[in-house]
Amino acid sequence: MKIDEALIREIVLRVVENRLTQGQAQAAPSQVPPEAEPGRAEFLAAEQTCPVIFGAGALHTVGRKALELGCRKVLLVSDPGLVKLGLARRVADNLRASGVASVLFDRVQPNPLDADCNAGGEIARREKVDGVVAVGGGSVMDSGKAIKVLTGNPPPISKYYGAAACERGAPLILIPTTAGTGSESTKYAVLTDAKTHEKKVALATGDLAICDPELTYRLPKGLTAATGVDVLAHACESYAGGVHNPKADLLARAAIGKIAVWLPKAYRGENNETARYEVMLACSFAGMAFNETLCHLGHAAAHSIGAVFNIPHGICCAWTLPETMAFCAALYPERVAVIAAALQLEPRPGIAVAELGQLTADGIRALLRQLEIKSPRESGIERDDFLAVAGLVRKDFCYPVIPVSLSEAEIREFLGRAYDSYQ
Ligand SMILES: [Fe+2]
């Protein structure tokens, strides 16, 4: 995988400087001057992405809400698996009952391609839709964001990478079917260039998110574990990083506590309805948090491992998160102590930094074992191959957000610790 490093660095650095705006006509109402007045504290630039309707059965509001957003004919974006399960049909029927017609576009694949989004945009224009409804996981929601942009702007989507100014586009409703990426709560649409395989980022938010935990009641165990651990990684990296604000902190802390209690239950199917509700809520909270703070070391390494070994994103995050927290303990001990407490690890007052890092990392590894997440070795990855991704990590778009610059040798050491300590 190639990364458009210059572009990503520009986006990341703007977030780090707390100056990032929507880059679209609907510039965030929370946009503030970049510098505070002399003698006064810095402003808090907390972004709001889109309204959220949350709760079991919320899916049934989609037709009414599309109508309220002014839609009469929408592009229904999904993937072949969800079409097969009948979910796209359920949404189309609900829309129709409210007098909203729909045209299905199901050409979304994992690691969504810009070319597919361009094709979706072309259908949206040809069919003269006045709205987009995206039903699926992160890939579907990111594709929906890109198609939204193309309903209001000339193709291709590559014109709008980064913070390029563009028109708002048609209203977009995001409906997640997993509790993992949190894309419904973020402004990022991560796409893959079909020709070069470079990762690109367009910025667009939904106009409404409908989060219905019922859609996750029967998720397979493996998918529940992998997506749920991604939520934990978003929240932990958001809370213990170099960029934070009080709003993101609150949401990240709540998400960590919910995952610690409810993800194992959701995995075991114990108290399933409540567990799925809480895990989906944690996902949404973590998305809102890292929308403003981004993720850093764990995700930079996870992206690289995933690209090389074709391993699901959440599993890669599981492998890198424990040692990321050990790394962060040396930089932000108070913050990692809060994370340890939220994970119910009960760090004692005055605990030494190294011990705190070990306690937190071990606690997360114990959670991973409860979720029966295989180690890199158990997944057939040799140690030397695992460490060889270190060069890629330095090119990842999350690398500039790592609070301390790390050499390739230091990243190899980090990867070695991650490999050895979770066998
Ligand atoms: Fe993630």
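Here the structure is shown first, and the text comes after it.
Here goes a summary of the coordinates provided. (Residues numbered from 1 in each chain as written. Predicted model: local features only at pLDDT ≥ 70, side-chain atom pairs only at ≥ 80, totals over all residues.)

Here's the deal with the packing of helix α7 (residues 221-239) against helix α8 (residues 246-268)
Relative orientation of the contacting elements α7 and α8 amounts to 155 degrees, with a least axis distance of 9 Å. Judged by the inter-axis angle, α7 sits roughly antiparallel to α8. At the point where α7 passes α8, the crossing takes the left-handed sense. When α7 is examined against α8, the residues Lys221, Thr224, Ala225, Gly228, Val231, Leu232, Ala235, Cys236, Ser238 and Tyr239 are found in contact with a partner set consisting of Ala248, Asp249, Ala252, Arg253, Ala255, Ile256, Ile259, Leu263, Ala266 and Tyr267. (Axes fitted to C-alpha atoms, helices over the stretch in contact; angles between N-to-C directions. Helix = DSSP H or I, 4+ residues; strand = E, 2+ residues; numbered from the N terminus. Parallel < 35°, antiparallel > 145°, perpendicular 65-115°, else oblique. Left-handed = near helix turned anticlockwise from the far one by under 90°. Contact = placed C-beta atoms within 7 Å.)

Regarding the pairing of strand β7 (residues 188-192)
Taking burial as the measure, the five residues of β7 include five buried ones, the bulk of the element. Alternating residues of β7 divide into Tyr188, Val190 and Thr192 and Ala189 and Leu191, and every residue in both groups is buried. In terms of strand pairing, β7 meets strand β8 (residues 198-203) through five bridges, oriented antiparallel. Note on β8: the bridge partner recorded for Leu191 is Lys200. Hairpin connection between β7 and β8: a loop of five residues separates the two successive antiparallel strands, and His197 in this loop has a positive phi of roughly 65 degrees. (Buried ≥ 20, exposed ≤ 12 C-beta atoms within 10 Å, placed from the backbone. Pairing = 2+ DSSP bridges.)

Topic: the sheet that holds strand β5 (residues 131-136)
Strand order in this open sheet of six strands is β2-β9-β6-β5-β3-β4, and the pairing throughout is parallel. One side of each edge strand has no neighbouring strand; the edge strands of this open sheet are β2 (52-54) and β4 (101-105). Adjacent strand axes in the sheet meet at a mean angle of 20 degrees, parallel and antiparallel pairs treated alike. One ladder, built from five bridges, connects β5 with strand β6 (residues 172-176); its direction is parallel. Within β6, the position partnered with Val132 by the bridge is Leu172. Along the sheet, helix α5 (residues 114-126) makes contact with β3 (73-77), β4 and β5, crossing β3 at roughly 160 degrees.

Observations regarding the environment of Gly63
As for its placement among the helices and strands, Gly63 is situated in helix α2 (residues 62-68). As for Gly63 and Gly99, which are separated by 36 residues in sequence, their C-alpha atoms are 7.8 Å apart. Residues in contact with Gly63, not counting those within four places in the same chain, are Asn94, Leu95, Ala97, Ser98 and Val100.

So, the pairing of β3
The element β3 is extensively covered by neighbouring structure, given that four of its five residues are classed as buried. Pairing analysis gives five bridges linking β3 to β4, with the strands arranged parallel. The residue bridging Val77 from the neighbouring strand is Phe105, located in β4. For β3 and β5, the ladder comprises four bridges, and the chain directions are parallel. Note on β5: the bridge partner recorded for Val74 is Gly131.

Comments concerning the environment of Met288
Among the secondary structure elements, Met288 is positioned in helix α9 (residues 272-293). Under the C-beta neighbour-count criterion, Met288 is labelled buried, with 26 such atoms within 10 Å. Taking the C-alpha atoms as reference points, Met288 and Thr186, separated by 102 residues in sequence, lie 6.2 Å from one another. The contacts of Met288, once residues within four sequence positions are left out, are Thr49, Ser185 and Leu251.

Considering the environment of Pro112
Among the structural elements, Pro112 can be located in the loop between β4 and α5. Classification of Pro112 by C-beta neighbours within 10 Å gives buried; the count is 27. C-alpha separation for the pair Pro112 and Ala189, spaced 77 residues apart in sequence, amounts to 9.4 Å. Excluding anything up to four places from it in sequence, Pro112 contacts Cys117, Ser139, Asp142, Ser143, Leu191 and Thr192.

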